[in-house]
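Close look at the chain arrangement
Given next are the chains, with one letter for each unit.
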Amino acid sequence: MKKTIFEEMDGTYTMQRDYRLPNLTLPPEEERPISVWGQRHRRYLQRHHKILYYNLLAFGNLRSHLSNVEEEAQSLFLRLVKQMADAEGITETLKANDQMEWVGRMNNVRSRAFEIVEADIIYT
């Protein structure tokens, strides 16, 4: 019997009843942390960009892609929070004098920064 292209490339098959199924495995991916930003981007890709998601998954690049998105989003988020807090005069003095005011204003800043990061990085 003539070898298939898959067998010529050292591929193997497993018999399942009358069918020969190829033994396929995903290539190993590097272990890098993925938290909230990467998970949101993965969910976005799964729902709205299925071809890109499955291509990244099949070639073993999904985890590194999500990790890069995670790092970029976290960096932008922290930079935006710092810049907005400085621009609005939210300082440690305000925190010492009126903690509730400081918390409210910082929550507002963090919320706006979160929305910017989602729009610019996660959902693009």
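Described in the following lines is the structure provided in the data block. (Residues numbered from 1 in each chain as written. Predicted model: local features only at pLDDT ≥ 70, side-chain atom pairs only at ≥ 80, totals over all residues. Heavy atoms only, no water.)

With that out of the way, let us pick up the overall build of the chain. If you tally the helices and strands in the chain, you get six helices and two strands. Tracing the chain from N to C terminus, the helices and strands come up as α-β-β-α-α-α-α-α. With respect to the principal axes defined by its C-alpha atoms, the chain has extents near 85 × 25 × 20 Å. Across the 124 residues in the chain, those meeting the buried criterion constitute 27%. Within the chain, contacts between residues separated by at least 24 positions form 65% of all contacts whose residues are at least 6 apart in sequence. Accessible surface, the chain as shown: approximately 9300 Å² in total, 53% of it carbon and sulfur. (Helix = DSSP H or I, 4+ residues; strand = E, 2+ residues; numbered from the N terminus. Buried < 20%, exposed > 50% of the residue type's maximum accessible area, 1.4 Å probe, protein only. Contact = heavy atoms within 4.5 Å. Areas by Shrake-Rupley, 256 points an atom, 1.4 Å probe, with all protein chains shown as cover.)

Right, let's talk about the pattern of salt bridges for a bit. The full count for this structure, using the stated rule, is five salt bridges. The partner of Glu 7 in a salt bridge is Arg 20, with the nearest N and O atoms 2.9 Å apart. On the criterion of sequence distance, the pair formed by Glu 7 in helix α1 (residues 5-8) and Arg 20 in strand β2 (residues 19-22) is long-range, its members being 13 residues apart. Under the relative-accessibility criterion, Arg 20 is labelled partly exposed at 35%. (Salt bridge = Lys/Arg side-chain N within 4 Å of Asp/Glu carboxyl O.)

Glancing now at the packing of aromatic side chains. Under the defined criterion, the tally for this structure stands at five aromatic pairs. Ring centres of Phe 6 and Tyr 13 lie 5.2 Å apart, and the angle between their planes is 65°; on these two criteria the pair is classed as edge-to-face. Among the residues examined, Phe 6 registers a relative accessible area of 25% and is labelled partly exposed. Here the aromatic rings of Trp 37 and Phe 114 are separated by 4.9 Å at their centres, their planes lie at 35°, and the arrangement is tilted. (Phe/Tyr/Trp six-rings, centres within 6.5 Å; stacked < 30°, edge-to-face > 60°.)

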